[in-house]
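One-letter residues, chain by chain:
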Amino acid sequence: MGPLHRTIRNGFVPLHVVMCVEGDRATAGHLHEAVIGTHSARAYVIPTAT
């Protein structure tokens, strides 16, 4: 695998995410923390070949 391939370490999974946010914007990157207030969130997992 390339340099961006990561594995579970110390019980944590590095997540690469794309999120749509208020104001018709999108942002992408590593998710370090998320707080869901009065809105809901959906998570989809897309398997990849290893």
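Above this text is the structure in question.
Residues numbered from 1 in each chain as written. Predicted model: local features only at pLDDT ≥ 70, side-chain atom pairs only at ≥ 80, totals over all residues. Heavy atoms only, no water.

A. Expanded view of the overall build of the protein. The secondary structure content of the protein amounts to zero helices and two strands. Out of the 50 residues in the protein, the part that is buried amounts to 2%. Working note: accessible area of the protein is about 5300 Å², and carbon and sulfur atoms make up 58% of it. (Helix = DSSP H or I, 4+ residues; strand = E, 2+ residues; numbered from the N terminus. Buried < 20%, exposed > 50% of the residue type's maximum accessible area, 1.4 Å probe, protein only. Areas by Shrake-Rupley, 256 points an atom, 1.4 Å probe, with all protein chains shown as cover.)

B. The pairing of strand 1 (residues 16–21), seen in detail. Here strand 1 pairs with strand 2 (residues 25–30) via six bridges, running antiparallel. When the bridges of strand 2 are listed, Val17 appears paired with Gly29. The antiparallel pairing of strand 1 with strand 2 creates a hairpin that spans three residues between the two strands, and Gly23 there sits at a positive phi of about 95 degrees. (Pairing = 2+ DSSP bridges.)

C. A look at unusual backbone geometry. A positive phi is found at Asp24, a non-glycine position, where the angle reads about 55 degrees. Examined against the element boundaries, Asp24 turns out to sit in the loop between strand 1 and strand 2. Classification of Asp24 as exposed rests on a relative accessible area of 83%.

D. Fine view of a nonpolar patch on the surface. Taken together, the side chains of Ile8, Val13 and Leu15 present a nonpolar region at the surface, about 280 Å² in accessible area. Along the chain, the position of Val13 falls in the segment before strand 1. (Patch = residues over 30% accessible without salt bridge, like charges linked within 9 Å, V, L, I, M, F, W, Y side chains within 5 Å. Salt bridge = Lys/Arg side-chain N within 4 Å of Asp/Glu carboxyl O.)

E. Structural detail: the environment of Arg25. Structurally, Arg25 is set in strand 2. Residues contacting Arg25, with those up to four places away along its chain left out, are Met19 and Cys20. (Contact = heavy atoms within 4.5 Å.)

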